[in-house]
Amino acid sequence: MYNDGIVIKGNKEGINTQIDISKFADFEDMLMNLIKKLSKGKHFYKGTTLILKIDLKAITQKNVQTLKEVLLNQIELKDIVLEDIEKNIEKDEEKDKKVFSGVYEGKTRFIRKAVRGGQCINYPGNIVIIGDVNSGAEVSAAGNVIVLGTLKGKVSAGTNGNTKAFIAAFSLQPELLKIAKCMAMSPDDTGKPKYPELAKIKDGIIIVEPYLPNKYIY
């Protein structure tokens, strides 16, 4: 979707507006475009609260006063609340860092195809690949990496420092494994695994063991 520097969304708290001030020539240019955009839905916005997310370091206190006065008068808003977009970004980044303190938490991305050589995939959560990871491919996740196929590329888990993260595959034959700050490479003389395997950190190093969670009970 095309982004002209102003994104407006309505929610239960009011009108949520995010502004990328770098897309405008100056403050006056931004204000003119904001008024023009809000005016199109003036009858919807009248009497509501406008939550305005903007880089407060990029505008002066006088700009803030002008912004409030003009919008309150022309759009007939109930109130205007300014939020520093840079601080919100920092909070989101900090939240992502805290998501993966264990093994099972967090959001997951599913990839339903093979990851080809030369492709790079990076995600701030768990990654589940339904297919192979070919030689020359790179996969990085803040959480865990699970490959329902053959893993032959370079794979990193726990990129935010989570030492409890793991890497699992039906056939684990990686060029390189990395979990948090620990790294391991496959020996040259290893054959094709006969069973699924799981790589994790134990006593400060990466170990690989068969993934046999439960035995059948008859």
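Each remark here, short or long, concerns the structure printed above.
Residues numbered from 1 in each chain as written. Predicted model: local features only at pLDDT ≥ 70, side-chain atom pairs only at ≥ 80, totals over all residues. Heavy atoms only, no water.

Asks: Explain the overall build of the protein residue by residue, including any values.
Replies: For the protein, the helix and strand inventory stands at four helices and 15 strands. Within the protein, the fraction of its 218 residues that count as buried is 39%. Across the protein, the fraction of contacts at a sequence separation of at least 24, relative to all contacts at a separation of at least 6, is 34%. Total accessible area computed for the protein in this model is approximately 13800 Å², and 51% of it derives from carbon and sulfur atoms. (Helix = DSSP H or I, 4+ residues; strand = E, 2+ residues; numbered from the N terminus. Buried < 20%, exposed > 50% of the residue type's maximum accessible area, 1.4 Å probe, protein only. Contact = heavy atoms within 4.5 Å. Areas by Shrake-Rupley, 256 points an atom, 1.4 Å probe, with all protein chains shown as cover.)

Asks: An account of the pairing of strand 9 (residues 145-151) is requested, with residue identities and associated values reported.
Replies: A regular strand places its side chains so that they alternate between the two faces of the sheet. Of all seven residues that make up strand 9, five are buried, and the element is covered over most of its length. Pairing analysis gives three bridges linking strand 7 (residues 126-129) to strand 9, with the strands arranged parallel. Residue pairing in the sheet places Ile129 in a bridge with Val147 of strand 9. Here five bridges tie strand 9 to strand 11 (residues 167-172), and the two strands are oriented parallel to one another. Of the residues in strand 11, the one forming a bridge with Ile146 is Ala168. (Pairing = 2+ DSSP bridges.)

Asks: Talk me through helix 1 (residues 27-39); I want residue IDs and the actual numbers.
Replies: Between its first and last C-alpha atoms helix 1 spans 18 Å; for 13 residues at 1.5 Å apiece the expected length is 18 Å, and the two agree. Those residues of helix 1 not exposed but buried are Phe27, Met30, Leu31, Leu34, Ile35 and Leu38. Projected down its long axis, helix 1 shows its buried positions confined to an angular sector of 130°, all on one face. Seen from the open side of helix 1, the exposed residues pointing more than 90 degrees away from its buried face are Glu28, Met32 and Lys36. (Expected span 1.5 Å × (residues − 1). Arc of directions from axis to C-beta.)

Asks: Residue-level account of the pairing of strand 6 (residues 120-123), with values.
Replies: Burial along strand 6 is one-sided: Ile121 and Tyr123 are buried, while Cys120 and Asn122, pointing the other way, are not. Alignment of strand 6 against strand 8 (residues 138-141), held across four bridges, turns out to be parallel. Each bridged residue has a counterpart across the sheet, and for Asn122 the counterpart in strand 8 is Ser140.

Asks: Residue-level account of unusual backbone geometry, with values.
Replies: A positive phi angle, close to 60°, is found at Glu76, a residue other than glycine. Tracing the sequence through the fold places Glu76 in the loop between helix 3 (61-74) and strand 4 (79-84). The phi angle at Asp203 is positive, at roughly 55°, despite the residue not being glycine. Inspection of the secondary structure puts Asp203 in the loop between strand 14 (197-202) and strand 15 (205-210).

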